[in-house]
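These are the residues of each chain, in order.
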Amino acid sequence: MTTLAVDIGGTKLAAAIIDDDFCLLERHECPTPASQSPQALTASLEALLSPLATRAQRVAVASTGIIHQGVLTAVNPANLGGLAQFPLQETVSRITGLPCLVLNDAQAAAWAEYQALNESIAEMVFITVSTGVGGGLVSQGRLLTGAGGLAGHFGHTLADPDGPRCGCGRIGCVEAIASGRGMAAAAQGELYGLDAKAIFARAKAGDAQAQELVQRSAQVLARLIADVKAVTDCQCVVIGGSVGLAEGYLAQVAAFLAQEPKAYQVPLKPAHYRHNAGLLGAAMQALQ
Ligand code: ADP
Ligand code: BMX
Ligand code: ZN
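Bear in mind that the values here come from a model prediction, so they are computed numbers and not experimental data.

S.K.: Would you mind going over the site of ligand 2 with me for this structure?
M.R.: Around ligand 2, a shell composed of 19 residues is seen, among which Val75, Asp105, Ser130, His153 and Glu175 lie nearest. A distance of 2.8 Å is found between a nitrogen atom of ligand 2 and a side-chain nitrogen or oxygen belonging to Thr64. Taking Val75, its main chain carries an N or O atom lying 2.7 Å from an oxygen atom of ligand 2. Look at ligand 2: alone it shows 460 Å² of surface, and the protein chains cover 97% of it. Looking at the shell around ligand 2 residue by residue, the classes come out as 4 nonpolar, 13 polar and 2 charged. Residue assignment places the shell around ligand 2 across two domains, with domain 1 (3-104 + 276-287) and domain 2 (108-272) each supplying three or more.

S.K.: I would appreciate a short explanation of unusual backbone geometry in the present structure.
M.R.: Trans is the common state for peptide bonds, and a negative phi is the common state for residues other than glycine. Positive phi, close to 65°, is recorded for Phe22, a residue that is not glycine. As for its position among the elements, Phe22 is in the loop between strand E2 (12-19) and strand E3 (24-31). If you check the backbone angles, Gln69 has positive phi at about 50° while not being a glycine. Here Gln69 shows up in the loop between strand E5 (66-68) and strand E6 (71-73).

S.K.: Whenever I open this one, the coordination of the zinc ion (ligand 3) confuses me. Can you help?
M.R.: Coordination angles at a metal have ideal targets, namely 109.5 degrees for four tetrahedral donors and 90 or 180 degrees for six octahedral donors. Looking at the metal site, the zinc ion (ligand 3) is ligated by His156 (ND1), Cys166 (SG), Cys168 (SG) and Cys173 (SG), spaced 2.1 to 2.4 Å from it. Around the zinc ion (ligand 3) sit 4 donor atoms; with metal-centred angles ranging over 104 to 121°, the donor geometry is tetrahedral. Mapping the donors of the zinc ion (ligand 3) onto the primary sequence yields the spacing H-x9-C-x1-C-x4-C. Residue Cys166 is classed as buried on the basis of its relative accessible area of 4%.

S.K.: Help me understand helix H2 (residues 88-96), please; the structure alone is not making it clear to me.
M.R.: Residue pairs spaced three or four apart in an α-helix point in one direction, given the helix's 3.6 residues per turn. Every buried residue of H2 is accounted for by Leu88, Thr91, Val92, Ile95 and Thr96. All buried residues of H2 lie within an arc of 115° about the axis, which places them on one face of the element. For H2, the exposed residues lying more than 90 degrees away from the buried face are Glu90 and Arg94. Phi for Gly97, located one or two positions after H2, is positive at around 70°.

S.K.: Can you help me understand the sheet that holds strand E7 (residues 85-86) in this one?
M.R.: For sheets, the rule is that strands pair by backbone hydrogen bonds, running either parallel or antiparallel. Ordered by their spatial adjacency, 3 strands build an open sheet running E5-E6-E7, and the pairing between neighbours is antiparallel. Looking at strand neighbours, the two that pair on one side only are E5 and E7, the edges of this open sheet. Here 2 bridges tie E6 to E7, and the two strands are oriented antiparallel to one another. Note on E7: the bridge partner recorded for Leu72 is Phe86.

S.K.: Can you walk me through the side chain of Ser179 in this structure?
M.R.: Inspection of the secondary structure puts Ser179 in the loop between helix H4 (174-178) and helix H5 (180-186). A distance of 3.3 Å separates a polar atom in the side chain of Ser179 from the backbone oxygen of Thr131. In contact with Ser179, other than residues within four places in its own chain, are Val129, Ser130, Thr131, Gly132, Val133 and Val174.

S.K.: Sorry if this is basic, but what is going on with the site of ligand 1 here?
M.R.: Near ligand 1, the surroundings consist of 15 residues, among which Thr11, Lys12, Thr131, Lys197 and Ser242 are the closest. Interatomic distance of 2.9 Å between a backbone N/O atom of Lys12 and an oxygen atom of ligand 1. For the shell around ligand 1, a count of residues per class yields 4 nonpolar, 8 polar and 3 charged. Structurally, the shell around ligand 1 is a two-domain feature, drawing no fewer than three residues from each of domain 1 (3-104 + 276-287) and domain 2 (108-272).

S.K.: What should I look at first to understand the domain arrangement of the protein in this one?
M.R.: For interface size, the figure often reported is the accessible area lost on association. Domains assigned within the protein are domain 1 (3-104 + 276-287) and domain 2 (108-272). The straight-line distance from the C-alpha centre of domain 1 to that of domain 2 is 23 Å. Taken together, the contacts link 21 residues of domain 1 with 21 residues of domain 2. The junction of domain 1 with domain 2 conceals about 1,500 Å² of combined surface from both sides, 56% of it contributed by carbon and sulfur atoms. Here domain 1 and domain 2 share 0 salt bridges between them. In this structure, the connection of domain 1 to domain 2 is made through 5 residue pairs in polar contact (both at pLDDT 80 or more). Elements with a contribution of two residues or more to the side of domain 1 that touches domain 2: E5, strand E8 (100-104) and helix H9 (277-287). If one sorts the elements of the side of domain 1 that touches domain 2 by residue count, H9 sits on top with 7 residues.

S.K.: So what exactly am I meant to see when it comes to the pairing of E8 here?
M.R.: The side chains of a regular strand alternate between the sheet's two faces. With 4 of its 5 residues buried, E8 lies for the most part within the structure. The sheet contact formed by strand E4 (residues 58-63) and E8 spans 5 bridges and is parallel. What sits directly across from Val59, in E8, is Cys100.

About the thresholds
Residues numbered from 1 in each chain as written. Chains lettered and ligands numbered in written order. Predicted model: local features only at pLDDT ≥ 70, side-chain atom pairs only at ≥ 80, totals over all residues. Heavy atoms only, no water. Near = heavy atom within 4 Å. Polar contact = N/O pair within 3.5 Å; in protein donor to acceptor, adjacent residues only side chain to side chain. Areas by Shrake-Rupley, 256 points an atom, 1.4 Å probe, with all protein chains shown as cover. Nonpolar A, V, L, I, M, F, W, Y, C, P; charged D, E, K, R; others polar. Domains from an automatic or database assignment. Helix = DSSP H or I, 4+ residues; strand = E, 2+ residues; numbered from the N terminus. Donors = N, O, S within 2.8 Å, 3.2 Å for Na, K, Ca; no water. Tetrahedral: all angles 85-135°; square planar, octahedral: opposite > 155°, others 65-115°. Buried < 20%, exposed > 50% of the residue type's maximum accessible area, 1.4 Å probe, protein only. Arc of directions from axis to C-beta. Pairing = 2+ DSSP bridges. Contact = heavy atoms within 4.5 Å. Buried area = accessible area lost by both parts, 1.4 Å probe. Salt bridge = Lys/Arg side-chain N within 4 Å of Asp/Glu carboxyl O.

Structure (C-alpha cells):
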C-alpha cells in the first residue's frame, strides 16, 4: 500500500508517495498560490496531485490552518494570501478519487517527530518556524489536536504587547515577530522586500540589521519555549520549518533559552525528518 502525502504551507506545497515503511519514494514541490480565491489553491493542488493519485491507495494531508471536520480555517489568513476558509478534504478527495485524512501541518510533524524519539518521553512539543510559527503537542503518547483543532497554535501567544499586529487580529504574537514573514516585514532600508532566506544569507555575510532580525526571532522563540515548558513540563522541544532548521538558528535559540531560569529550560532538537516531518506525520496518522 502507498500513501500520497501532501503538505500545504504558506510558502510551498509538497507532495510525496510514501510506502508503508514510511520511505519517501518520490517528492514534488510547488509554490503556494498567494490568492484569497479558493480556485487558485484548488488549481495548484490539481496540478500537483493528479499525476500522482493513481499510484496511491489513500491521501494524507498536513496543512497550515486550523483543520476541523475536513475544513481549513486560517488563524492568520495573510499566510495564505488572504484565503480564510477552504474545503480541504472534499477538494483533495475529488481531485484524487481517494479516501483522505487531513490534519494541521505542525500537529502532523509533531506526531512524526514523536515516533522518531529513541527515549521514552511523556510530553513532547514540536514548533515549526516557517512562513508562520506553528506547533504540536504529544502528551502521554497522544497527539493533542483540541476539540476544534486549535491545540498547539503557539505562534499566536503574546511575545510583545508593543509588537506588530498579527494577521490573526492580535497585537504582538510570536508569529508576527519570529516567523519568516515576520522577519521579512520588519526588514528596512537595504533589506526592505527581502524574504527570510535572503535575510539569513545577509546575516551570514555580516549584515548587522540581518543579524539583529535573526537574533530577535531566536530570542522570541526561546521565550516561547520557556513559556511552553512552564505550561506542559515537556521533556523535549523539537524545532522544524525552514527558518527553524536554518544554519546556526537553533544554536541561537539555545543560547537565549540558557539565560532563562533553570526550571524553564528544556533540551532542544532539530527535526529528525527535517522538511518532511509534516508529510511523514500525516502518512503515519493515516495508517493508524
Ligand atoms: P512553509 O511555511 O510553506 O511550510 P518553509 O518551512 O519552507 O515553508 O518556510 C518558509 C519560510 O522559510 C519563508 O519565510 C522562507 O523565506 C524561509 N526560508 C526558506 N529557506 C530558508 C533558508 N535556507 N534559511 C532561512 N530561511 C529560509
Ligand atoms: C499559522 C497557522 C497555523 C500553522 C502555522 C505554521 C494559518 C494559515 N496557519 O500560525 O495553523 O500551523 O502558521 O504554518 O493560520 P506554515 O505555513 O508556516 O507551515
Ligand atoms: Zn497571531
